[in-house]
Structures are given as structure tokens and as C-alpha cells.
Amino acid sequence: MTAPTAPVPDLVQGHGHACRRSGRGKGCEVLRWTMCRTCGWWGDLWDGDQPPLSDGAHVCDPADVARHEHTRRIRG
């Protein structure tokens, strides 16, 4: 008998832009985050080229995976 295995996280990096319009010298900046395609988890925003080490330690919760799959089926 084999032990049940945890879902494997599929981490991808996302990015977007945030623009501040009021005041002088305020432009747009790139925001980055990590998200998991397996369970729908989103990490905290981060600056620079590398995500925080804590994102690499993400473990998918089987209940979150089930909810994420259900939502994906409903939305099509």
C-alpha cells in the first residue's frame, strides 16, 4: 500500500503594472508575484528578479486544489 501523495505545486511568475497618477515624478512600476496553477494560491508582491524563498516552500492543500478545480470547471 502506498502513502497518498500531496498535489505538486505548479508555480509560475506573474507581473503587472501599477501607476500612480497624482503628483510629479510618479510613474508606473512593475509588480511581481508568484501563483500556483495547481491550487490557485497567490503569493505576496515582490520587487527584484527573484521571488521570496517562502514562495518556493508553498505546499498545495488538497481542499484548495478541489475548490480550484471546481471553479475552473464552472467558469469553463
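Overview of the structure. (Residues numbered from 1 in each chain as written. Predicted model: local features only at pLDDT ≥ 70, side-chain atom pairs only at ≥ 80, totals over all residues. Heavy atoms only, no water.)

Points about the packing of aromatic side chains
The tally for this structure, following the rule as stated, stands at one aromatic pair. Measuring from ring centre to ring centre gives 5.5 Å for tryptophan 33 and tryptophan 42, while their planes differ by 20 degrees; the resulting arrangement is stacked. Assessed through its relative accessible area of 15%, tryptophan 33 is described here as buried. By relative accessible area, which is 52% here, tryptophan 42 ends up exposed. (Phe/Tyr/Trp six-rings, centres within 6.5 Å; stacked < 30°, edge-to-face > 60°. Buried < 20%, exposed > 50% of the residue type's maximum accessible area, 1.4 Å probe, protein only.)

Considering the environment of glutamate 29
Along the polypeptide, glutamate 29 turns up in strand S2 (residues 28–36). Separated by ten residues in sequence, glutamate 29 and cysteine 19 place their C-alpha atoms 6.5 Å apart. (Helix = DSSP H or I, 4+ residues; strand = E, 2+ residues; numbered from the N terminus.)

Considerations on the side chain of threonine 34
Tracing the sequence through the fold places threonine 34 in strand S2. When its relative accessible area of 4% is taken as the criterion, threonine 34 is described as buried. Within the structure, threonine 34 has its side chain in polar contact with the side chain of aspartate 55 (distance 2.9 Å). Beyond its immediate stretch of four places on either side in the chain, threonine 34 contacts Leu11, Val12, Trp41, Trp42, Gly43, Trp46, Pro51 and Asp55. (Polar contact = N/O pair within 3.5 Å; in protein donor to acceptor, adjacent residues only side chain to side chain. Contact = heavy atoms within 4.5 Å.)

Quick word on the side chain of threonine 38
With respect to the secondary-structure elements, threonine 38 resides in the loop between S2 and helix H1 (53–56). Accessibility expressed as a relative area gives 16% for threonine 38, which makes it buried. Here the side chain of threonine 38 touches aspartate 10 through a polar contact of 3.2 Å, landing on its backbone nitrogen. Excluding its chain neighbours within four sequence positions, the residues that come into contact with threonine 38 are Pro7, Val8, Pro9, Asp10, Cys60, Val65, His68 and Glu69.

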